[in-house]
Amino acid sequence: MQAEYYRNHNFAPQVVFDPFMGSGTTVGEAHKLGMTALGRDINPVAVEAVSTALGPMDRKSLLNAFEGLSATVGHRIRELYKSIDSQGRPCDVLYYFWVMQARCPDCQSQVDLFPSYIVARNAYPARKPEIQIACPQCWEIFPGLSGQEQVTCRACQYTFDANSGPAIGTKAKCTRCSNLFAILDTIRKQRTRPTYRLYGKLVLTRTNNKEYLAATEDDHKAYQSCTRLLKECLDERSIALPDLALEHGYNTRQALSYGFANWRDFFNDRHLLALGWLHAAISEISDGSARGALLTLFSGVLEFNNLFASYKGEGTGAVRHMFSHHILKPERVPIEAHPWGTPKSSGSFLNLFRTRLLRAIDYRESPTEIYGERGPSRVCSEPFLGNATSRWPPSRTIEPRQIHLSCGNSAASGLADRSVDLVVTDPPFFDNVHYSELADFFFAWQRLRSGNGSSEFTSTRQVAEVQDADVVRFAAKLQAVFLECHRVLKDDGLLVFSYHHSRDEGWRSLAEAILGSGFHVVNSHPVKAEMSIATPKSQAKEPIQLDMILICRKQGASPPHPANSPRQAIERASAKLARLAEAGFALSRNDRRIVIIGQLLTAISDPSDIASSVADVSEEVDRPCVARPRRVLRSRQNVLFGETE
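Residues numbered from 1 in each chain as written. Predicted model: local features only at pLDDT ≥ 70, side-chain atom pairs only at ≥ 80, totals over all residues. Heavy atoms only, no water.

1. Concerning the sheet that holds strand E24 (residues 489–499)
Selection criterion: By this definition, two strands are paired if DSSP reports at least two bridges between them. A helix here means a DSSP run of H or I that spans at least four residues, while a strand means a run of E at least two residues long, and both kinds are numbered starting from the N terminus. Here a residue-residue contact requires only that any non-hydrogen atoms of the pair lie within 4.5 Å. To define axes, lines are fitted to C-alpha atoms, for helices over the stretch in contact only, and angles between the resulting N-to-C directions are given on a 0 to 180 degree scale.
Spatial ordering of the open sheet is given by E21-E22-E2-E1-E23-E24-E26-E25, a layout of 8 strands whose pairing is mixed. Every other strand in the sheet has two partners, leaving strand E21 (388–389) and strand E25 (519–528) as the edge strands with one partner each. Alignment of E21 against strand E22 (residues 403–407), held across 2 bridges, turns out to be parallel. Looking at E22, one finds that Thr-389 is bridged to His-404. Against the sheet, helix H3 (residues 44–54) engages strand E2 (36–41), E21 and E22, with an angle of about 160° to E22. Relative to the sheet, helix H15 (residues 566–582) contacts E25 and strand E26 (546–554), its axis offset from that of E25 by approximately 15°.

Structure, rendered in structure tokens:
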């Protein structure tokens, strides 16, 4: 099996359809396997990104375009991030450090909302315990050691607890009058987004050393000059900036409650000046494919350069991007990174051009898969053709390895009856991440390209989007797409998709959508899902580390699949859990639960059976799987996919 995995395969003329295309994983993988890939998504941000990633891309053209940007707008941006080091010599600023403020209701003082005065720490404190501390008296930044309760500033000799700042959870204590007040209530009364104060910086000296320093008067004046220059650029209309209001929603309500009413509010003035320059310069590139690739890269830069980004510290990528929480969480101590960047920057245009775009071209030219835990990657496919097209629907005569993409509601795809061999997708989860609410952050900039801030859409949000907090509406929307999949899928075809959920309602809505659209589940396989270090998982008591790959056939399809009884389904789930434990997976209760539920779906003909079936197997759900030492990676694919449909 392993040898087959690394061989080149050509499954032409098989046709694969992904109705929830997202980032295009299914489309790209199908293309590698020689299939014709059809991708559709209701979100225009997703469709543009995939069209760029799988469309024509020339290394030489991109390098020429990048060098042109570096010599022009790159130079202008780099000048915005110049300062003076501790020896009084000119230097580059890697990062500026800011703190959110709230006005004390009693004395009207501006209170810095520091949760602690620790500016930076290493990702591996046991090995490198040194930390950087900001003095609340004189704002000098000086080194200390992790775990110290009391520290003394080396500049003003003030002694304080670096671990405790004015912000204590949802409340803050005024440093002037000691009044304790609710942060959110105070900010709401301002009716605008919070103010921020620049207090520190991390610079790169001429000798290539890093220094943490307090912000100087010259640093504040440099920022004020950016504010004036931004106004001049807007008055002259030499740059265009987003002017799209946030809409109320599950993922925007927290930002709205903090006064972030427009997507432009997510940036400070220096952000807007640098990003506005860069966006305008990229938009003027004459080569269409290079322009599209660099605009997509620009969207990645946006994630790391805004007021919701934070500092991870030393020993890892320095900038924690704004979507690490899956919500728009206002950051009380945001980091302002260098948008163009230096060789030692994180999340910059320079850095991402090298680590994302050039690496993507390398992969397109020679697709590889990792071989073993430490072994070299192996070539696994022919080069990408770069032939993504917006021609939709494709003609009935479909050539091998063609890619067809479209933006629209997948409940009405426009594809011909029984024209698809496989539907492979990753649908939204009930009451989970509301993608369009987050995608509007990028769309606010994307829509500028149509001129005068207008485009076909005013938001990526659509009524038909399969995302809803109401279980009945979610099931109905998902069922509508699955019904369309049933129509376009050949009678012997498969519907395959990934899913997990911690709540019974999520599984019942899924069962209703599957059964109501004329499919039934014939098997399910657990696979490793999102990285365990992702913020939502690291903070969860019972994190879900697995996704279930659900395999469905049309009801009444030939050949018929033998039906499982609930007891047989539980036995198969127990065997899968045992293999996972043997491979070294430490499974939470929720992990065990979704493996069992995924297998129980093969034994039900009515969605209401899910709840009663789960209640009957609580003993299995609560039985822990003891993790043993992991075997080498070669066995793990067999562990996860030990049985076939």
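2. Remarks on the pairing of strand E23 (residues 420–425)
What counts is decided by this rule: Each residue gets one of three labels from its accessible area relative to the maximum for its type: buried under 20%, exposed over 50%, partly exposed in between, using a 1.4 Å probe on protein chains only.
Counting buried residues along E23, 5 of its 6 residues qualify, which places the element largely inside the surrounding structure. Looking at chain direction, strand E1 (residues 15–18) and E23 are connected through 2 bridges and run parallel. Looking across to E23, one finds that Phe-17 is bridged to Val-423. Where E23 and E24 come together, 5 bridges link them in parallel fashion. When the sheet's bridge partners are listed, Val-423 is paired in E24 with Leu-495.

3. Thoughts on unusual backbone geometry
Cis rather than trans, the peptide bond between Ala-12 and Pro-13 has omega equal to 5°. Although it is not a glycine, Ser-178 adopts a positive phi angle of roughly 70°. Here Ser-178 lies in the loop between strand E12 (171–173) and strand E13 (180–182).

4. Examining helix H5 (residues 183–190)
Helical geometry note: an α-helix holds 3.6 residues per turn, so side chains three or four residues apart project in the same direction. Keep this limit in mind: An arc is given here, and it is the one of the directions from the helix axis to the C-beta atoms.
Turning to H5, its buried residues are Ile-183, Thr-186 and Ile-187. Along the axis of H5, the buried positions cluster into a sector of 95°, meaning they face one direction only. Contacts made by the buried residues of H5 are with strand E4 (90–103), strand E11 (167–168), E12 and E13. Immediately downstream of H5, the backbone of Arg-191 shows phi near 65°, a positive value.

5. Things to note about the sheet that holds E11
With antiparallel pairing, 3 strands are arranged side by side in an open sheet as E11-E12-E13. Every interior strand has two partners, whereas the edge strands, E11 and E13, have only one. Note: E11 against E12, 2 bridges, orientation antiparallel. When the sheet's bridge partners are listed, Ile-168 is paired in E12 with Lys-171. Packing against the sheet, H5 makes contact with E11, E12 and E13, and its axis sits at approximately 65° to E13.

6. Some remarks on the packing of helix H4 (residues 59–80) against helix H8 (residues 269–283)
Applicable threshold: Roughly parallel here means an angle under 35 degrees, roughly antiparallel means over 145, roughly perpendicular means 65 to 115, and every remaining angle is called oblique. Three classes are used, and their members are as follows: Ala, Val, Leu, Ile, Met, Phe, Trp, Tyr, Cys and Pro are nonpolar, Asp, Glu, Lys and Arg are charged, and the others, Gly among them, are polar.
Where H4 contacts H8, the two axes come as close as 10 Å, and the packing angle between them is 175°. Taken as axis vectors, H4 and H8 run roughly antiparallel relative to one another. Here H4 contributes Leu-69, Val-73, Arg-76, Ile-77 and Leu-80 to the contact with H8, which in turn contributes Arg-270, Leu-273, Ala-274, Trp-277, Leu-278, Ala-281 and Ile-282. When its residues are assigned to classes, the contact of H4 with H8 shows 10 nonpolar, no polar and 2 charged.

The analysis is restricted to geometry; functional conclusions fall outside its scope.
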